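# Survey of secondary and tertiary structure
Here is how the chains run, residue by residue.
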Amino acid sequence: MSFRALLSSSNFPKSPSGTISSGNKTNPTRSLNRIPLYSLHGCRLSRVSVCEGRRRSRSGKVHADVRDILDSLRDSVKFKDGLNDIASSEDDLDTTVPWWEQFPKRWVIVLLCFSAFLLCNMDRVNMSIAILPMSAEFNWNPSTVGLIQSSFFWGYLLTQIAGGIWADTVGGKSVLGFGVIWWSIATALTPVAAKLGLPFLLVVRAFMGIGEGVAMPAMNNILSKWVPVAERSRSLALVYSGMYLGSVTGFAFSPFLIHQYGWPSVFYSFGSLGTVWVALWINKAYSSPNDDPQLRPQEKKLIVSNCISKQPVKTIPWKLILSKPPVWALIVSHFCHNWGTFILLTWMPTYYNQVLKFNLTESGLFCVLPWLTMAFSANLGGWIADTLVSKGLSVTTVRKIMQSIGFLGPAFFLTQLSHVDSPAMAVLCMACSQGTDAFSQSGLYSNHQDIVPRYSGVLLGLSNTAGVLAGVFGTAATGYILQHGSWDDVFKVSVGLYLVGTVVWNLFSTGEKILD
């Protein structure tokens, strides 16, 4: 107990009426009717009015009682002043603690995950810009470009489930740290592989996908242990907005670097940033609050009492997990969502260049707007979702509302692209499409921790495997469609899958825990 708390709980002897009594047992025939205290200055009593008992002959004893009371009060006041001095010293000590040490450690973990996802998409989207000068230099046709873009997903697919199992069994810190190191090295090796030949480039891009494939399951595992349920949507929205801001950064800086230093500079500079992040991660991050020796007791109590996922996983009940309809709703919806998202992620600069006739710099800069919109919308959606849950709306209803916006919004705005006749309106439709898409972070992307919190890393790996398959098939199919059709055909396929996902999600998903 602090000194101030001790001080406030100190009880001086008082009568039921609020007056201070002597505390001595007196004869029933003699009583002190009242001893009101008008003011107390330091250790001096300015006025004490004493009404004696009925027998004035015993006034000497009454005066003696009063003197005892006064002496007791003087001692009590001196002691109270001493406690005030000590409490003030304690407050002074508290104010000397730097503000960054008082910052919640769980949000340090969230910010580190945010920065990891920032690097993740910076390293992923730089190829979307660099592919334009690379295809001109190496004489690649649209089918080859689609093959190169999809090769990333070959490796990304391999580590989704494996990354989830690894994170749930050994902890997310090691897994996410490995992923960042791995994909950073692969990014830096991309120019070398491209000059050696197409097969080498495909292998390096697949290797990069292996590293990035463990990021989502590892992050999901860490946040399930560090973030209380009431902060879940906001924390996940912030982390995923790191991906969007990574796209913004990649699209904004890649054209400048290419013009100034050539396309290889993009991969060298972006890949080197991973070393800075890893140094911070090793020093600051822990897989769970129980592993952090510097975590303040108050915050540890808050986290442990409000997080569901606590113990490491030893065995995974695959049959039981796959027998639940909400799990399959999550898997199917993730596939439908990622088909459209990955097409926009990888092909948007090409669309701006070929259809809207933007040059390389304009393509990169105009790609920034949709991703900025996504970063804003993701955090807005997270705030709305947590607010609705805190006001009593069921988690199931909130997840369905958020994901319905994440499906129907992009579907509507993509259908408008075939009716617009100006580049500005086309960019606006793209921005609105991806802005509403970002509400999915408070929908299906938050649902893994809702329904199976203990196996959230595994479930995210499972559902994201379906999402990656959508990326592999969708990215490659887009190159094929463009050789034999048009961009309208590309968008029609995406709209159809968004509508399928809406129906499946609203029929079978839930926000309640279905498995301990």
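Because the structure is predicted, anything quoted here is derived from the model rather than measured. (Residues numbered from 1 in each chain as written. Predicted model: local features only at pLDDT ≥ 70, side-chain atom pairs only at ≥ 80, totals over all residues. Heavy atoms only, no water.)

### Description of the overall build of the protein
We count it as follows: By definition, any uninterrupted DSSP run of H or I lasting at least four residues is a helix, any uninterrupted run of E lasting at least two residues is a strand, and each is numbered from the N terminus. Residue burial is assigned from relative accessible area. The probe radius is 1.4 Å, only protein chains are included, and a residue is buried under 20% of its type maximum, exposed over 50%, and partly exposed in between. What makes two residues a contact is simply this: any of their non-hydrogen atoms within 4.5 Å. The Shrake-Rupley method, run with a 1.4 Å probe sphere, supplies the accessible areas, and residue values consider only the shown protein chains as cover.
Scanning the protein from N- to C-terminus turns up 19 helices and two strands. Across the 516 residues in the protein, those meeting the buried criterion constitute 52%. In the protein, of all internal contacts separated by at least 6 residues, the share reaching a separation of at least 24 is 82%. Here the protein displays about 23,200 Å² of accessible surface, and carbon together with sulfur accounts for 63% of that area.

### A word on a nonpolar patch on the surface
Selection rule: Patches draw on residues past 30% relative accessible area with no salt bridge. Two like charges within 9 Å are joined, as are two nonpolar side chains (Val, Leu, Ile, Met, Phe, Trp, Tyr) within 5 Å. The rule for a salt bridge is simple: a side-chain nitrogen of Lys or Arg has to be within 4 Å of a carboxyl oxygen of Asp or Glu.
Side chains of Val192, Leu196, Phe200 and Tyr268 sit close together on the surface and give an oily, nonpolar patch of about 410 Å² of accessible area. Here Tyr268 is to be found in helix H10 (residues 264-284).

### Some thoughts on the environment of Val368
As for its placement among the helices and strands, Val368 is situated in helix H14 (residues 360-390). Given a relative accessible area of 11%, Val368 falls into the buried group. Val368 sits 121 residues away from Ser247 along the chain, and the two C-alpha atoms are 7.2 Å apart. Aside from chain neighbours lying at most four places away, what touches Val368 is Val248, Phe251 and Ala252.

### A closer look at unusual backbone geometry
Even without being a glycine, Asn139 presents a positive backbone phi close to 60°. Within the element layout of this structure, Asn139 appears in the loop between helix H4 (105-138) and helix H5 (142-170). The class of Asn139 is exposed, set by a relative accessible area of 70%.

### Re the environment of Leu322
Structurally, Leu322 is set in helix H12 (residues 318-322). For Leu322, the contacting residues outside a window of four places in its chain are Trp328 and Leu462.

### Examining the packing of aromatic side chains
What counts is decided by this rule: For this analysis, a ring pair means two rings from Phe, Tyr or Trp (six-membered ring only for Trp) whose centres lie within 6.5 Å, classed as stacked if their planes differ by under 30 degrees, edge-to-face if by over 60, and tilted for the remaining angles.
Within this structure, the stated rule accounts for 22 aromatic pairs. Measuring from centroid to centroid gives 6.3 Å for Trp263 and Phe267, while their planes differ by 85°, and the two rings are edge-to-face. Judged by its relative accessible area of 5%, Trp263 falls in the buried class. When its relative accessible area of 0% is taken as the criterion, Phe267 is described as buried. Pairing Trp347 with Trp487 gives two aromatic rings, centres 6.3 Å apart and planes at 70°, and the pair type is edge-to-face. Of this pair, Trp347 sits in helix H13 (residues 325-354) while Trp487 is found in helix H19 (residues 487-508), placing the two residues 140 residues apart along the sequence. Of the two residues examined, Trp347 and Trp487, each falls in the buried class.

### What about the packing of helix H6 (residues 172-196) against helix H8 (residues 215-226)?
Spelled out, the test is: Angular values range over 0 to 180 degrees, each being the angle between N-to-C directions of two axes fitted as lines to C-alpha atoms, with helices fitted over their stretch in contact. Angles below 35 degrees are treated as roughly parallel, those above 145 as roughly antiparallel, those between 65 and 115 as roughly perpendicular, and all remaining angles as oblique. Crossings are assigned a handedness: left-handed for a near helix turned anticlockwise from the far helix by less than a right angle, right-handed for a clockwise turn. Each residue is assigned to one class: nonpolar for Ala, Val, Leu, Ile, Met, Phe, Trp, Tyr, Cys and Pro, charged for Asp, Glu, Lys and Arg, and polar for all the others, Gly among them.
In contact at an axis separation of 8 Å, H6 and H8 are set at 150° when each is read in the N-to-C sense. Comparing their axes, H8 and H6 come out roughly antiparallel. You can see that H6 and H8 cross each other, and the crossing is left-handed. Together, Gly172, Lys173, Val175, Leu176 and Trp183 of H6 and Ala215, Ala218, Asn221 and Ile222 of H8 make up the contact between the two elements. In terms of residue class, the contact of H6 with H8 is made up of six nonpolar, two polar and one charged.

### Regarding the pattern of salt bridges
Within this structure, the stated rule accounts for six salt bridges. Here Arg106 and Glu231 are joined by a salt bridge, their closest N and O atoms 3.0 Å apart. Of the two residues, Arg106 sits in helix H4 while Glu231 sits in the loop between H8 and helix H9 (232-261), which places them 125 residues apart along the sequence. When sorted by exposure, Arg106 lands in the same class as Glu231, which is buried. Between Glu212 and Arg124 there is a salt bridge, with the nearest N and O atoms lying 3.2 Å from each other. Here Arg124 lies in helix H4 and Glu212 lies in helix H7 (residues 198-213), a separation of 88 residues in the sequence. Taken individually, Glu212 and Arg124 each receive the classification buried, so the pair is uniform in this respect.

### Some remarks on helix H18 (residues 456-484)
Keep this limit in mind: Expected helix span is taken as 1.5 Å per residue step, with the number of steps being one fewer than the number of residues.
The terminal C-alpha atoms of H18, which comprises 29 residues, lie 41 Å apart, in line with the 42 Å expected from a rise of 1.5 Å per residue. Counting buried positions over the 29 residues of H18 gives 21, a clear majority of the element.

### Re the side chain of Ser241
With respect to the secondary-structure elements, Ser241 resides in helix H9. Classification of Ser241 as buried rests on a relative accessible area of 2%. Setting aside anything within four residues of it in sequence, one finds Ser241 in contact with Phe114, Ala375, Ala378 and Asn379.

### Let's talk about the side chain of Arg124
Using the following cut-off: Identification of polar contacts relies on pairs of N or O atoms within 3.5 Å, with a donor-acceptor requirement for protein atoms, meaning one able to donate a hydrogen and the other able to accept it, and with residues adjacent in sequence counted only if both atoms are side-chain atoms.
A relative accessible area of 5% means that Arg124 is categorised as buried. At 3.2 Å, the side chain of Arg124 forms a polar contact with the side chain of Glu212.

### Description of H10
The end-to-end C-alpha distance of H10, which contains 21 residues, comes to 32 Å, matching closely the 30 Å that a straight helix rising 1.5 Å per residue would cover. Inspection of H10 places Pro264, Ser265, Val266, Phe267, Phe270, Gly271, Gly274, Trp277, Val278 and Trp281 among the buried residues, and these make up the whole buried set. On its buried face, H10 sits against H4, H6, H7, H8 and H9.

### Some thoughts on the packing of H7 against H8
Two elements in contact, H7 and H8, have axes whose closest approach is 5 Å; the angle formed by their N-to-C orientations is 10°. Considering their axes alone, H7 and H8 lie roughly parallel with respect to each other. Along its contact with H7, which presents Gly211, Glu212 and Gly213, the element H8 presents Ala215, Met216 and Pro217. When its residues are assigned to classes, the contact of H7 with H8 shows three nonpolar, two polar and one charged.

### Focus: the environment of Leu118
Take Leu118: it is sitting in helix H4. Sequence separation between Leu118 and Gly246 is 128 residues, and the spatial gap between their C-alpha atoms is 4.1 Å. Residue contacts for Leu118: discarding those within four places in its chain leaves Gly242, Met243, Leu245, Gly246 and Thr249.

### Some details on the confidence of the model for the protein
What counts is decided by this rule: Every residue gets a pLDDT, meaning the predictor's confidence in that residue, from 0 to 100.
When pLDDT is averaged along the protein, the result is 80; 78% of the residues meet or exceed 70. For the protein, per-element mean pLDDT is lowest for strand S1 (residues 40-41), which scores 41, and highest for H6, which scores 95. Note on residues 1-59: pLDDT under 50 across the span, and 78 contacts to partners over four residues away in sequence or across chains. Under a pLDDT of 50 for its full length, residues 85-94 has, in the predicted model, nine contacts with residues more than four places off or in other chains.

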